[in-house]
Amino acid sequence: MSQTISSAAAGAAGSAAETTAPHRYTAALAADIEARWQDFWDANGTYEAPNPSGDLAGDAELAARPKKYVMDMFPYPSGAGLHVGHPLGYIATDVHARYQRMTGHNVLHTLGFDAFGLPAEQYAVQTGTHPRTSTEANMANMRKQLRRLGLGHDQRRSVATIDPEFYRWTQWIFVQIFNSWYDPEADRARPIDELVAQFASGERPTPDGRAWAELDATERADLLSEYRLAYASDAPVNWAPGLGTVLANEEVTADGRSERGNFPVFKAKLRQWNMRITAYADRLLNDLDGLDWPEAIKLQQRNWIGRSEGARVDFPVHSAAGTGGESAGAEHITVFTTRQDTLFGATYMVLAPEHELVASIVPAAWPEGTRDAWTGGHATPAEAVAAYRAQAAAKSDVERQAEAKDKTGVFTGAFATNPVSGEPVPVFIADYVLMGYGTGAIMAVPAHDSRDFAFARAFELPMRCVVEPTDGRGTDPAEWDEAFSSYEAKLVNSANELISLDGLGVAEAKARITPWLTERGIGRGTVNYRLRDWLFSRQRYWGEPFPIVYDEDGVAHSLPESMLPLELPEVEDYSPRTFDPDDADTEPETPLSRNEDWVNVTLDLGDGPRAYRRETNTMPNWAGSCWYELRYLDPRNDQKLVDPDVERYWMGPREGVPTGGVDLYVGGAEHAVLHLLYARFWSKVLFDLGYISSAEPFHKLFNQGMIQAFVYRDSRGIAVPAAEVEERDGAFYYQGEKVSRVLGKMGKSLKNAVTPDEICAEYGADTLRLYEMAMGPLDVSRPWDTRAVVGQFRLIQRLWRNVVDEATGQVTVVDAEPDEDTLRALHKAIDGVRHDLDGLRFNTAIAKITELNNHLTKSGGAVPRSVAEALVLMIAPLAPHVAEELWHLLGHTESVVHRDFPVADPAYVVDETVTCVVQIKGKVKARLEVSPSITQEELEKAALGDERVVAALAGAGVRKVIVRAPKLVNIVPA
Ligand code: ANZ
């Protein structure tokens, strides 16, 4: 059997053509119905959600209803268009939103485009087509595809991040972030002017104690840069000369090359914009608790933020014994540890190779006590260190952290003193210690840390057991095969004249030693985060220009609101300049920098016309998605980002939701951290500055599964067109040759993409919608099967037949009372479907609707009007076009979209019961009312537990119980 659409359809839509019934629901009729109702909705603004005020205020009755804000993660307008996997989430939110409309809510649902990004830029580089031209064409195509699905979006609210009227506000938010600092005492962002006032009044001293007035402009700018929430700094970044651009860590492979193009990536210090997201680490962590998000996503955010409580401990550095003491440059090395309880077990130290102290502690010659294994075969410590540093620089952080690999490193020639044991500890450099985490220096406790253990074994370093093993291996690490790590065990070998940790548990020992270290000034408790500030600039064309100019002194100034938007200028060449891929000493040259007229400007920023140079980086394509949920609310406001009343109405705090946010946000789990963390961060800044009332953007998050598809490969492993594969006796053939089949992603490159357009043409959008929703629970991935789509088409056909005579087109319903059975079936369905649509369980909702519809089909005869209408209303969120049509045929003149969803009568919802007879030795002793679906076990338990039965047995044991659920239980006493 072939996989093609047309052959699958032949069994369904095709057979319709063979019959002569002129009013049958066929693909052609579906197309007609769907086009008509889509036009009707557009013409009537059916999905327009009124705001409580402002220029989108409309229908006052609707605006007075409780609101629901339902949102999708908006798409990038790809040139490939949509395949059937893309709209899964869009259909789901649409069904849910429609259900909310029918249960009395004012529902905001729309969809925009995240339209800056690399593919359009690369296409521009290759073809010379302006990225705007190709992006707009792609958006138009996707809009058409989405409209065909009958999605109930408020089109007035659709935005694209590339619209100057949109990015004007992206730039405006950047300016607000730039002009703010984080006040740890108030625990919120505040305007930078308030910090300047503190410096000016002397309330806050400057670092070198000079008066603010004495600092020149550059010094002031540099000082404020330490505080601003958006700041430029010479940060070490991933520079790929072969691509001409800086990359995010996520874009660098484990072996230090660019994911795109496989070019070498170097750590280079370049001036880049950063966002001080680290200031928000604790709030981003704590506010997760109140969010209705999947636990897995919350966990990923927690891990990404990576809060560790520990201590910083100072180890005094002393001159290398016996060499004349030339290494006295540094006074101490500060380590970060989460296991300060194991301090007595620290027998050596490690600095990251790049650590700035390294140079100052290296002595001229190897000191006494240096083992051969420590020197790497080099004649002097300086040589050894230089060689090792060069080796480490060539590796990525991921490589350096790889757990399994052999530990490498070299002795610096310096010793420090363990501050509690008083013993000298050699100081190494090794690449398993990273510069970017903690202090870039560790105390190594080889007995209790597996990486330190491996290193100590390789370098013949001493180990000291300070946590007593509970697995019987003894306390001599020389006899161990691995480190002993446990939080449940007790401390040993951990005492000096002043403090003893012996006998304490790990937590107690930490609680004891941290204040002890603090009192003596050799340590302090600290919290460390894995989260880094967010590298925010890109050397690209197709992104938002920074609203920043530099004066002659290189001081950055933000543009005033009146100069926004700062539009992207035209350029000749969209590509960043690339260099010899191996030449690390190059620097990026951005496309915008080549437009000298645009770059060099004279502006009056309040102190008369002066010459400035514009920032020529652009923002990363995360920027627009950090705040788009706010712009949907008030897309045409040209005075404000969003009107505060409008924002409060749609997103503000409410009962049970103290931090506010969108009611439902649906998208893929791949956005667990970056997008969702960045958006949360921007929300918090805007909240702190008083622009919005919601401290969180998305209150409830739901991750939809993926639509998978079979991938067929020939003997060379190359994907062949899935639509042309034939199945014979369980094997698969392409052009006569046997091919293999596995489940994978759907996409053009795997030659298995099915487009919604094809399915809509063969069956209609309502069938596609039903099929995608019926495939399985929304959060589970499911395989696409074109042949199965017809099942949902038949459901609509049967529904149609229950209302319309296929021969005459006449409505066949009757104004009669439904019978008892039908009433039960109806109200049970209503009750279940309500719960399911509310809880995003669309597949089970469809099962219940199907069951009711089948009940009507089986009953034969005309369907009572009240049942037919309820059924049409119930299916309306799922299959809105056919529902509108039937509703109209049933004599209603208004759209079904805002009609009330049916309400179940509880009297018909409760399960019927049956009477079960309980006999002892054949004599009836009790009658029980039980559910018809009761299990044998449940029934036996109920019978034996019944007090009449217990009394009749009078303590006699039971020899045998015969159960015939649900009607009979026969007990044979012992
Ligand atoms: C002594 C110790 C003993 C440690 C022990 C662990 C176990 P988390 O929890 O991920 O924050 N560390 C500190 N800075 C480091 C760096 N820059 N590069 C590599 N490793 C570093 O991990 C904190 C632990 O990781 C710290 O606690 C330190 O080793 C190591 F039985 O100190 B520990």
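Residues numbered from 1 in each chain as written. Predicted model: local features only at pLDDT ≥ 70, side-chain atom pairs only at ≥ 80, totals over all residues. Heavy atoms only, no water.

K.L.:
Quick question: what am I supposed to make of the overall build of the protein here?
P.N.:
Along the protein, the regular secondary structure elements total 32 helices and 31 strands. The principal-axis extents of the C-alpha atoms in the protein amount to approximately 110 × 95 × 70 Å. The buried share of the protein, taken over its 974 residues, is 53%. Within the protein, residue pairs in contact and separated by at least 24 positions form 71% of the contacts whose partners lie at least 6 positions apart. Counting only carbon and sulfur atoms, one obtains 50% of the accessible surface of the protein, whose full area is about 41200 Å². Across the protein, the mean location of the 97 positive side-chain charges is 6 Å away from that of the 139 negative side-chain charges. (Helix = DSSP H or I, 4+ residues; strand = E, 2+ residues; numbered from the N terminus. Buried < 20%, exposed > 50% of the residue type's maximum accessible area, 1.4 Å probe, protein only. Contact = heavy atoms within 4.5 Å. Areas by Shrake-Rupley, 256 points an atom, 1.4 Å probe, with all protein chains shown as cover. Lys, Arg positive; Asp, Glu negative; His and termini not counted. Charge placed at Lys NZ, Arg CZ, Asp CG, Glu CD.)

K.L.:
Just checking my understanding: could you explain unusual backbone geometry for this structure?
P.N.:
Backbone phi values are negative for most residues with the exception of glycine, while trans is the configuration of most peptide bonds. The linkage connecting leucine 564 with the following residue, proline 565, adopts the cis geometry, with an omega of 0°. Geometrically, the link from alanine 965 to proline 966 is a cis peptide bond, its omega value of 0° lying close to zero. One non-glycine residue, alanine 954, lies in positive phi territory at about 50°. Here alanine 954 lies in the loop between α32 (947-953) and β30 (958-964).

K.L.:
Looking at this structure, how should I read the site of the ligand?
P.N.:
The environment of the ligand is made up of 18 residues, and the closest members are Ser308, Thr337, Leu434, Tyr437 and Arg530. Contacts to the ligand include threonine 338, whose backbone N or O atom sits 3.0 Å from an oxygen atom. At a separation of 2.7 Å, a nitrogen atom of the ligand approaches a polar backbone atom of leucine 434. Considered on its own, the ligand offers 650 Å² of accessible surface; in the complex 86% of this is hidden by protein. Counting residues per element, the ones that place at least two in the shell around the ligand are β9 (332-337) and β13 (441-444). In the shell around the ligand, the residues fall into 8 nonpolar, 6 polar and 4 charged. (Near = heavy atom within 4 Å. Polar contact = N/O pair within 3.5 Å; in protein donor to acceptor, adjacent residues only side chain to side chain. Nonpolar A, V, L, I, M, F, W, Y, C, P; charged D, E, K, R; others polar.)

K.L.:
Quick question: what am I supposed to make of the sheet that holds strand β19 (residues 609-614) here?
P.N.:
What links the strands of a sheet is backbone hydrogen bonding, and the strands pair in either a parallel or an antiparallel sense. Pairing is antiparallel in the open sheet, where 4 strands are placed in the order β17-β16-β19-β18. Each end of this open sheet is capped by a strand with a single partner; those strands are β17 (556-558) and β18 (600-604). Recorded for the sheet is a direction-independent mean angle of 50° between the axes of neighbouring strands. Pairing analysis gives 2 bridges linking strand β16 (residues 548-550) to β19, with the strands arranged antiparallel. Directly across from tyrosine 550, in β19, lies its bridge partner arginine 613. (Pairing = 2+ DSSP bridges. Axes fitted to C-alpha atoms, helices over the stretch in contact; angles between N-to-C directions.)

K.L.:
Help me out: how do you make sense of the environment of glutamate 34 in this one?
P.N.:
Within the secondary structure layout, glutamate 34 lies in helix α3 (residues 27-44). Separated by 911 residues in sequence, glutamate 34 and glycine 945 place their C-alpha atoms 59 Å apart. Beyond its immediate sequence surroundings of up to four residues, glutamate 34 is in contact with Tyr25, Arg148, Gly764, Ala765, Asp766 and His881.

K.L.:
Explain a negative patch on the surface to me, please; I cannot follow it from the model alone.
P.N.:
A grouping of Asp216, Asp222, Glu226 and Asp553 is seen on the molecular surface, where their side chains present a negatively charged patch. With respect to the helices and strands, the residue glutamate 226 is situated in the loop between α10 (217-225) and β5 (230-240). A relative accessible area of 57% means that glutamate 226 is categorised as exposed. (Patch = residues over 30% accessible without salt bridge, like charges linked within 9 Å, V, L, I, M, F, W, Y side chains within 5 Å. Salt bridge = Lys/Arg side-chain N within 4 Å of Asp/Glu carboxyl O.)

K.L.:
Can you help me understand the packing of aromatic side chains in this one?
P.N.:
The geometry of an aromatic ring pair is captured by the separation of the ring centres together with the interplanar angle, meaning the angle of the planes. Under the counting rule described, the total for this entry stands at 50 aromatic pairs. Their ring planes at 75° and their centres at 5.9 Å tell us that phenylalanine 199 and tyrosine 227 sit as a pair that is edge-to-face. Note that phenylalanine 199 is positioned in helix α9 (residues 192-201) and tyrosine 227 in the loop between α10 and β5, a separation of 28 residues in sequence. By relative accessible area, which is 24% here, tyrosine 227 ends up partly exposed. The ring of tyrosine 733 has arginine 728 sitting right over it, with the charged end atom 4.1 Å from the ring centre. One cation-aromatic arrangement involves arginine 741 over phenylalanine 710; the distance from NZ or CZ to the ring centre is 3.6 Å. (Phe/Tyr/Trp six-rings, centres within 6.5 Å; stacked < 30°, edge-to-face > 60°. Lys NZ or Arg CZ within 6 Å of the ring centre and 35° of its normal.)

K.L.:
Sorry, what's going on with the confidence of the model for the protein here?
P.N.:
Predicted coordinates in regions of low pLDDT should not be interpreted in detail. When the pLDDT values of the protein are averaged, the result is 93; 96% of them are 70 or greater. For residues 320-328, every residue scores under 50 in pLDDT, and the model assigns this stretch 21 contacts once sequence neighbours within four places are set aside. (pLDDT = per-residue confidence, 0-100.)

K.L.:
What is the right way to read the packing of helix α24 (residues 765-774) against helix α29 (residues 880-889) from this model?
P.N.:
Geometry of a packed helix pair, given as the angle between the helix axes and the separation of the axes. Between α24 and α29, the shortest axis-to-axis distance is 7 Å and the interhelical angle comes to 125°. What the angle tells us is that α24 and α29 run oblique. On the side of α24, the interface is formed by Ala765, Asp766 and Arg769, while α29 contributes Pro880, His881 and Val882. For the contact of α24 with α29, the per-class residue count stands at 3 nonpolar, 1 polar and 2 charged. (Parallel < 35°, antiparallel > 145°, perpendicular 65-115°, else oblique.)

K.L.:
Just to check I follow, could you spell out the nonpolar core for this structure?
P.N.:
The nonpolar side chains of a soluble globular protein tend to be buried, and buried together. Ranked by size, the top nonpolar core spans 176 residues in total, and within it Phe174, Phe536, Trp682 and Trp784 carry the most contacts. When residues in this core are grouped by element, the largest group, 9 residues, is from helix α22 (residues 674-688). Apart from the residues within four sequence positions on either side, phenylalanine 536 is in contact with Phe174, Trp273, Asn274, Met275, Phe546, Thr618, Met619, Pro620, Ala623 and Trp682. By size, the runner-up hydrophobic cluster in this structure holds 65 residues, among which are Met349, Leu461, Leu491 and Leu504. (Core = buried A, V, L, I, M, F, W, Y, C linked by side-chain atoms within 4.5 Å.)

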